Amino acid sequence: MGIFDYFKSKSAPSSASVAKDRLQIIVAHERSKRHQPDYLPQMQQEIIDVIRKYVNIGSEDVQIQLDNTDDCSVLELNVTLPEQN
Amino acid sequence: MNLSGDIALAKIIVVTSGKGGVGKTTSSAAIGTGIALKGHKTVIIDFDVGLRNLDLIMGCERRVVYDFVNVINKEATLSQALIKDKRTKNLFILPASQTRDKDALTIEGVQEVLEELAKEFEYIICDSPAGIEKGAQMALYFADAAIVVTNPEVSSVRDSDRILGILQSKSKRAEESKAPIEEHLLLTRYHPGRVASGEMLSVSDVEDILAIPLLGVIPESEAVLKASNQGTPVILDTESEAGLAYMDAVDRLMGEERPLRFLEIQKKGFIKRLLGG
């Protein structure tokens, strides 16, 4: 740190705290996906392909999630259909 | 398969990280040497097939005749392939193969070699290759403990978290629902001055994110490059902060209490600070 750095604004967050915030978010996100089976992305793609045969949707219109609770797994599929004209 | 407890006598420790270049081999060499210095018969195995480097760091590159893959393929016996360290008593190195393909390591082959080593050694240190592919998974599969080498830097921390996920799901202990692998965080290339000025993640930042017990913090040190230039594990440089910090980490690994040190900023003179040195 040189003499001029002492006059710089102190309000901006340090780069280390930005790094920590970013890491906490991405690591939490990746941990939540850690226990998902490997076939999930491909299954999601195939489900999208089937729906597309009938309805015009984009890949971002389908949310797929697998939740494991004790002795029961729930596959949640959320499809946003386009508005009807 | 002989599982009569022979393998349980030896403690298998994998040194891993996910990311490359964070100091796995430097740490394997230092920690293996440190454990041997404490009187335990120790072998360090280089699992990086195709990119052998432990031999260079340990200064025994010209003594490699047979390697890990030769032993697995029964082209050489274990005693032919093991290199006895010339400086440190109780210490042996099993070099990786340099030319073979990555499929040369098989779970069965590795298990057989580990079981044979476990009859003779108290500690088996597995120096993992970078990545999360087969080589890295092979290095951690039989581990009882893992030392996760991490730099205070975003990509290294993220990759460490991924390797922790693999330790918890793809190891033998996980597959057999046994007690999980002991996890240890080793933070390397730490720069206290940059942490103080908010330019680098601190020890507690990394501990918060990874949430595993801290084994040690190795400060960024010129001694590490100097040691690798000379083929001497840095832990033997007892003049250097890095060497002493590694020795502290080994003591903690053996269950002794050691306060963290070398985390404070080295004071610079007033003039040097003014000039931004």
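Residues numbered from 1 in each chain as written. Chains lettered and ligands numbered in written order. Predicted model: local features only at pLDDT ≥ 70, side-chain atom pairs only at ≥ 80, totals over all residues. Heavy atoms only, no water.

As recorded by an unreviewed UniProt entry, chain B carries the name Septum site-determining protein MinD and is attributed to Marinomonas alcarazii. Per UniProt, chain B carries the Sequence similarities (unreviewed entry) text "Belongs to the ParA family. MinD subfamily." Its UniProt record gives chain B the following Subunit (unreviewed entry) comment, quoted word for word: "Interacts with MinC and FtsZ." (UniProt positions renumbered as here; feature names shortened; annotations may be inferred.)

The name given to chain A in an unreviewed UniProt entry is Cell division topological specificity factor, and the organism recorded there is Marinomonas alcarazii. According to the UniProt record, the Function (unreviewed entry) comment for chain A reads "Prevents the cell division inhibition by proteins MinC and MinD at internal division sites while permitting inhibition at polar sites. This ensures cell division at the proper site by restricting the formation of a division septum at the midpoint of the long axis of the cell."

Caption draft 1: Representation of the interface of chain B and chain A in the model. Listed as interface residues are 19 residues of chain B and, on the opposing side, 16 residues of chain A. The three residues of chain B that bury the most area against chain A are B:R158, B:D161 and B:I209, which together make up 33% of that side's buried surface. Taken together, the connections running from chain B to chain A amount to 5 salt bridges. In this structure, the salt-bridge partner of A:K20 is B:D208, at a minimum N-O distance of 2.8 Å. Inspection of the region where chain B meets chain A yields 9 residue pairs in polar contact (both at pLDDT 80 or more). (Contact = heavy atoms within 4.5 Å. Buried area = accessible area lost by both parts, 1.4 Å probe. Salt bridge = Lys/Arg side-chain N within 4 Å of Asp/Glu carboxyl O. Polar contact = N/O pair within 3.5 Å; in protein donor to acceptor, adjacent residues only side chain to side chain.)

Caption draft 2: Focus on helix α2 (residues 40-52) of chain A. End to end, α2(A) covers 18 Å across 13 residues, agreeing with the expected 18 Å (1.5 Å per residue, within 8%). Buried residues along α2(A) sit in contact with β1 (62-69) and β2 (72-79) of chain A. (Helix = DSSP H or I, 4+ residues; strand = E, 2+ residues; numbered from the N terminus. Expected span 1.5 Å × (residues − 1).)

Caption draft 3: Representation of the sheet that holds strand β5 (residues 123-127) of chain B in the model. All names here are of chain B. The strand order across the open sheet formed by 8 strands is β3-β4-β2-β5-β1-β6-β7-β8, and the pairing between neighbours is mixed. Every interior strand has two partners, whereas the edge strands, β3 (83-84) and β8 (214-219), have only one. Direction of pairing for strand β1 (residues 11-16) relative to β5: parallel, over a ladder of 5 bridges. Among the inter-strand pairings, K11 is bridged to a residue of β5, identified as Y123. (Pairing = 2+ DSSP bridges.)

Caption draft 4: Representation of the nonpolar core in the model. All names here are of chain B. Counting 55 residues, the largest nonpolar core has L94, L117 and I124 as the members making the most contacts within it. Those residues in contact with L94 that lie beyond four places of it in its chain are V43, I44, I45, D46, D67, F68, L78, A81, L82, V113 and L117. Listed in part, the 36 residues of the second largest apolar core include V22, I57, A223 and A249. (Core = buried A, V, L, I, M, F, W, Y, C linked by side-chain atoms within 4.5 Å. Buried < 20%, exposed > 50% of the residue type's maximum accessible area, 1.4 Å probe, protein only.)

Caption draft 5: Examining the UniProt feature "binding site: ATP" (unreviewed entry) in chain B more closely. Residue and element names in this part refer to chain B. Residues given the UniProt feature "binding site: ATP" (unreviewed entry) here are K19, G20, G21, V22, G23, K24, T25 and T26. Within the secondary structure, G23 sits in the loop between β1 and α2 (24-37). Structurally, T26 can be placed in helix α2.

Caption draft 6: Quick peek at the environment of B:V217. All names here are of chain B. Among the structural elements, V217 can be located in strand β8. Accessibility expressed as a relative area gives 4% for V217, which makes it buried. Between the C-alpha atoms of V217 and A249, which are 32 residues apart in sequence, the distance is 7.9 Å.

Caption draft 7: Region of the structure containing α2(B). Residues and elements named next belong to chain B. If you check α2, its first and last C-alpha atoms are 19 Å apart, about what 14 residues at 1.5 Å a residue would give, namely 20 Å. Judged by how many residues are buried, α2 sits mostly within the fold: 11 of 14 residues are covered. When we look at burial in α2, the residues that qualify are K24, S27, S28, A29, A30, I31, G32, T33, G34, I35 and A36. Among the residues trailing α2, G39 stands out with phi positive, at a value near 95°.

Caption draft 8: A look at the pattern of salt bridges. Residues and elements named next belong to chain B. By the definition in use, this model includes 20 salt bridges over all chains. The salt bridge partner of D85 is R87, with a shortest N-O separation of 3.9 Å. You can call R87 partly exposed: its relative accessible area is 41%. A single salt-bridge network, built from bridges that share partners, covers K38, D251, E256 and R258.

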